[in-house]
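Geometric and topological summary
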Amino acid sequence: MQSIGTTEWLNNRPTRGPLAQSITSVQAAEVARDLLIPAISGLRLVPGWAILATVLLAASAICATVIVRSRAEFQSSSGQHERIVNEIDLVRGANASLQLEIHRLTNDPNAIEVAARERLGMVKATDVVVTTGSIKSSSMVSFVR
């Protein structure tokens, strides 16, 4: 008894809407025939050149849309390419200047001394160092003998 109560809603539920229940498959075929036959006979009244022109116009519009979109994407990609090439050139220039500085700092004793004095604040043993409170960036000033 309990199993009948749980499946009863399946047996009593509506399987289709009210419109679908009233139309049988034979009636549906007749309705479709009644709609299609006048549509096909109406197409026979339209000349073939008009249908061909419509198809060609639609195909041309699709092709034009694709071409315009492709050109826009190409122009966008070209702009990005130019920006990246310019950025690469800037980075290569910076890289070349850094390589030159590395070469100078590894081979030129004067460049090494200047870098040690400016960047690291180093002084030679023979230099006289005078500290001043008025100079904010560096509190030491060196004088060479």
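In this text the structure is predicted, and so the values were computed from the model without any measurement. (Residues numbered from 1 in each chain as written. Predicted model: local features only at pLDDT ≥ 70, side-chain atom pairs only at ≥ 80, totals over all residues. Heavy atoms only, no water.)

Before going further, it helps to spend a moment on the overall build of the protein chain. Along its length, the protein chain carries five helices and two strands. Nonlocal contacts in the protein chain, meaning residues at least 24 apart in sequence, comprise 5% of its contacts between residues at least 6 apart. (Helix = DSSP H or I, 4+ residues; strand = E, 2+ residues; numbered from the N terminus. Contact = heavy atoms within 4.5 Å.)

Turning our eyes to something else, we now look at helix H5 (residues 109-120). The end-to-end C-alpha distance of H5 is 15 Å, a good match for the 16 Å that twelve residues give at a rise of 1.5 Å each. Restricting attention to buried positions, one finds in H5 the residues Ala 111, Ala 115 and Ala 116. Looking straight down H5, one finds that the buried residues subtend no more than 135 degrees of arc, so they occupy a single side. Exposed positions of H5 whose direction lies more than 90 degrees from the buried face are Pro 109, Asn 110 and Glu 118. Buried residues along H5 sit in contact with helix H4 (48-107). The backbone nitrogen of Asn 110 lies 3.3 Å from a side-chain oxygen of the residue at the head of H5, namely Asp 108. Positive phi appears at Gly 121, one or two residues downstream of H5, with a value of about 70 degrees. (Expected span 1.5 Å × (residues − 1). Buried < 20%, exposed > 50% of the residue type's maximum accessible area, 1.4 Å probe, protein only. Arc of directions from axis to C-beta. Polar contact = N/O pair within 3.5 Å; in protein donor to acceptor, adjacent residues only side chain to side chain.)

So, on to the pattern of salt bridges. Once their charged atoms are close, side chains differing in charge can pair, the charge on each being opposite to the other. Counted by the stated rule, this structure contains three salt bridges. A salt bridge links Arg 119 to Glu 101; its shortest N-O distance comes to 2.2 Å. Here Glu 101 lies in helix H4 and Arg 119 lies in helix H5, a separation of 18 residues in the sequence. When its relative accessible area of 56% is taken as the criterion, Arg 119 is described as exposed. We classify Glu 101 as partly exposed; its relative accessible area is 23%. (Salt bridge = Lys/Arg side-chain N within 4 Å of Asp/Glu carboxyl O.)

Let us now look at the confidence of the model for the protein chain. Looking at the protein chain, pLDDT values average 81 and 74% of them are 70 or higher. Per-residue pLDDT, averaged within each element of the protein chain, yields its smallest value for helix H2 (residues 18-22) (53) and its largest for H4 (95). (pLDDT = per-residue confidence, 0-100.)

A cluster of nonpolar side chains, contributed by Leu 43, Val 46, Ile 51 and Val 55, occupies part of the molecular surface with about 340 Å² of accessible area. Tracing the backbone through its elements, the reader meets Val 46 in the loop between helix H3 (25-45) and H4. (Patch = residues over 30% accessible without salt bridge, like charges linked within 9 Å, V, L, I, M, F, W, Y side chains within 5 Å. Areas by Shrake-Rupley, 256 points an atom, 1.4 Å probe, with all protein chains shown as cover.)

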